[in-house]
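The chain contents come next:
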Amino acid sequence: MRITVDGACLAAPLGGVARYLDGLLTGFREAPDPEIDLVLLRPESRVRTVAWTLWTLQRASAAATDVLHCPFYYPPLAPRCPAVTAIHDILVIERPEWFPSAWGRLTGRLIRRGARRSDAVVTASSHVADRIAERCRVSRERIHVIPYAVDHRLFAPPAAEEQRAVTRQLGLRAPYLVQLGAHEPRRGLDLVLQATAALRREIPDLEMVLVGEQRHDVPELDAPPPWVRHTGRLPDHQLPAVLSGALAVTAASRDEGFDLPLLEAMASGGAVVASDIPVHVEHFTPGVRLFSSGDADDLAAAVLAVADPSTAAALRRAGVAHAQGFRWTDVARQHARVWREVAG
């Protein structure tokens, strides 16, 4: 069975969609399926997603392939073969104020229409699956929930010596908090800054370290306090040391489709404090300390609770153990079942 996979997202730095696809391909390399021939359709450089999907993938769907797998939210307008589409979230539909207006309107329309045209949809949580079914008017039976995973070769608790070396190289000194992921409105950076300001009354030398790129305008970062450090995007090999060395890793999002950065922090031995949004509760509850979403005071209280060494140690152990259940080889096997189903 020949599966053509859209690899356009891999031409950009590894954001969420690219991390998903890279992990899926890694899963197939580690546990190959002898009946599946994966063909990666990848441009030589970055392309405009809409044009690539509606033109290049349209032509690819007419070629000799059994299934077209579309990892970025929507398929071509009229695929000529069975299409499976990964819709990671529908925030652009449900929270349009978080996105540039023109891009958001177009993307929302393409997601709605694409979900109905797809032979199957995959997403990472039951909560998102239910929202897709309702907002895109797709039968729930066509939506397959496949939780995403983490590369345990990259994300694991580092040795103490490695942790000290990396944090020293980056100029980080304990105690510090980490917020991991692209900076954008949904991430709750306003809550993180409010909570850190409150915590500094108890822990005066506490710093907030923001790891990731700024993807959209976040007013709170226009003139940040002096105790905020912005590292930008860090290479994967440095992340476990930074995450495990933090007093806590905050995952304050007001909404998510899955939250790969949270899972990577858990696997790295980070003490994760997370908002109680549906996807966090669905997937990560055993390995994180939850706080009431949108409540900066409750976030500060949760961080203060995990500042206790014994509480933090127990949370770190629970997070690492829980993260072991998320493996890309399992994700690959579940995708293969979906492809076989739609290929007939």
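For every chain, the first residue of the written sequence is number 1, and numbering continues from 1 onward in sequence order. Residues qualify for local features only when their pLDDT is at least 70, as the model is predicted, and side-chain atom pairs are given and counted only at 80 or more; totals for whole chains, interfaces and linings, by contrast, use all residues. Remark: hydrogens and water are excluded; side-chain values derive from all non-hydrogen atoms of the structure.

Let us look at empty space enclosed by the protein. A cavity here means a set of points on a 1 Å grid, drawn over the protein atoms and nothing else, where a 1.4 Å probe fits but cannot get out; a pocket is an open set with protein on both sides within 12 Å along at least five of seven lines, and a residue lines either one if it has an atom within 4 Å of a point. Grid points are joined across faces, edges and corners, and a volume is the space filled by probe spheres set on the points. In total, this model carries two cavities of 30 Å³ or more according to the counting rule given. Estimated volume of the largest cavity: approximately 70 Å³. Lining the largest cavity we find Gln179, Leu180, Arg187, Val249, Thr250, Ala251, Ala252, Ser253, Asp259, Pro261, Leu262 and Ala265. Under the scheme used here, helices are H or I runs from DSSP no shorter than 4 residues and strands are E runs no shorter than 2 residues, and both carry numbers assigned from the N terminus. For the lining of the largest cavity, the secondary-structure elements that each account for two or more residues are β7 (176–180), β10 (248–251) and α9 (260–267). Its residues placed into classes, the lining of the largest cavity shows seven nonpolar, three polar and two charged. Volume-wise, the second largest cavity comes out at about 50 Å³. What lines the second largest cavity is simply Asp89, Ile90, Leu91, Glu94, His127, Val128, Arg131, Asp255 and Glu256. Sorting the residues of the lining of the second largest cavity by element identifies α3 (91–94) and α5 (126–136) as the ones contributing at least two each. Sorting elements by how many residues they give to the lining of the second largest cavity places α5 first, with three residues. Side-chain classes are defined by residue name, with Ala, Val, Leu, Ile, Met, Phe, Trp, Tyr, Cys and Pro counting as nonpolar, Asp, Glu, Lys and Arg as charged, and the others, Gly among them, as polar.

With that out of the way, let us pick up the nonpolar core. Nonpolar cores are built from buried Ala, Val, Leu, Ile, Met, Phe, Trp, Tyr and Cys residues. Side-chain atoms within 4.5 Å join them into one set. Each residue's exposure class comes from its accessible area (1.4 Å probe, protein chains only) as a fraction of the maximum for that residue type: buried when under 20%, exposed when over 50%, partly exposed otherwise. Ranked by size, the top nonpolar core spans 80 residues in total, and within it Ile111, Val178 and Val272 carry the most contacts. The contact partners of Val178, leaving out residues within four places of it in the chain, are Met208, Val209, Val211, Val242, Leu243, Ala246, Ala248, Val249 and Thr250. Within the second largest apolar cluster, 28 residues are counted, among which are Leu177, Val192, Leu221 and Ala296. Any two residues having at least one pair of non-hydrogen atoms within 4.5 Å are treated as being in contact.

All right, on to the sheet that holds β7 then. Two strands make a pair as long as DSSP finds a minimum of two bridges between them. Read from one edge to the other, the open sheet built from six strands follows the order β9-β8-β7-β10-β11-β12, with strand pairing classed as parallel. The sheet terminates laterally at β9 (228–232) and β12 (289–291), the two strands that pair on one side only. Across this sheet, the average inter-strand angle for adjacent strands is 25 degrees, counted without regard to direction. Pairing of β7 with β10 involves three bridges; the strand directions are parallel. Its bridge partner lying in β10, Leu177 is registered against Ala248. Each of β7, β10 and β11 (272–275) touches α9; the most contacted strand, β11, lies at about 155 degrees to it. All axes here are fitted lines through C-alpha atoms, helices being fitted over the stretch that makes contact, and every angle between N-to-C directions spans 0 to 180 degrees.

Here the focus is the packing of helix α1 (residues 16–30) against helix α13 (residues 328–343). Remark: α1 packs on α13, axes separated minimally by 7 Å, with the N-to-C direction vectors making an angle of 90 degrees. Classified by the angle between their axes, α1 and α13 sit roughly perpendicular to one another. Residues Arg19, Tyr20, Gly23, Leu24, Gly27, Phe28 and Glu30 of α1 form the contact with α13, whose participating residues are Trp328, Thr329, Val331, Ala332, His335, Ala336 and Trp339. Of the residues contributing to the contact of α1 with α13, the split by class is eight nonpolar, four polar and two charged. An angle counts as roughly parallel when it lies under 35 degrees, as roughly antiparallel when it exceeds 145, as roughly perpendicular when it falls between 65 and 115, and as oblique in every other case.

A few words on the side chain of Gln179. Looking at the element boundaries, Gln179 is found in strand β7. Here a polar contact is recorded for every N or O atom pair within 3.5 Å, except that within protein the pair must consist of a potential hydrogen donor and a potential acceptor, and residues adjacent in sequence are included only if both atoms are side-chain atoms. A distance of 2.6 Å separates polar atoms of two side chains, one belonging to Gln179 and the other to Thr250.

The rule for a salt bridge is simple: a side-chain nitrogen of Lys or Arg has to be within 4 Å of a carboxyl oxygen of Asp or Glu. This model, assessed by the stated rule, comprises 20 salt bridges. Among the ionic pairs, Arg140 bridges to Asp130, the shortest N-O distance being 2.8 Å. Taken together, the positions of Arg140 in the loop between α5 and β6 (143–145) and Asp130 in helix α5 put the pair 10 residues apart, joining distant regions of the chain. In this structure Arg140 comes out as partly exposed when scored by relative accessible area, which is 29%. Three or more residues joined by partner-sharing salt bridges are found here, namely Glu184, Arg186, Arg187, Glu256 and Asp259.

Further remarks concern the pairing of strand β4 (residues 83–86). Residues of β4 alternate between two faces, with Ala83 and Thr85 on one and Val84 and Ala86 on the opposite face, all of them buried. Here strand β3 (residues 67–70) pairs with β4 via three bridges, running parallel. Pairing of Leu68 across the sheet is with Ala83, part of β4. Strand direction decides the pairing type here: β4 and strand β5 (residues 120–123), joined by three bridges, are parallel. Looking at β5, one finds that Ala86 is bridged to Val122.

Along the chain, the position of Ser244 falls in helix α8 (residues 239–244). Residue Ser244 is classed as buried on the basis of its relative accessible area of 12%. Spatially, the C-alpha atom of Ser244 lies 5.0 Å from that of Gly269, the residues being 25 residues apart in sequence. What Ser244 contacts, discounting residues up to four positions off in sequence, is Pro158, Gln163, Ser268, Gly269, Gly270 and Arg316. In this structure the side chain of Ser244 is engaged in a polar contact, spanning 2.9 Å, whose partner is the side chain of Gln163.

Attention now moves to the packing of aromatic side chains. Aromatic rings from Phe, Tyr and Trp, with only the six-membered ring used for Trp, were paired whenever their centres fell within 6.5 Å, and each pair was classed as stacked if the ring planes differed by under 30 degrees, edge-to-face if by over 60, and tilted otherwise. Across all of its chains, the model carries nine aromatic pairs by this definition. Ring geometry for Phe72 against Tyr74: centres 6.0 Å apart, planes inclined by 75 degrees, an arrangement best described as edge-to-face. Residue Phe72 is classed as partly exposed on the basis of its relative accessible area of 22%.

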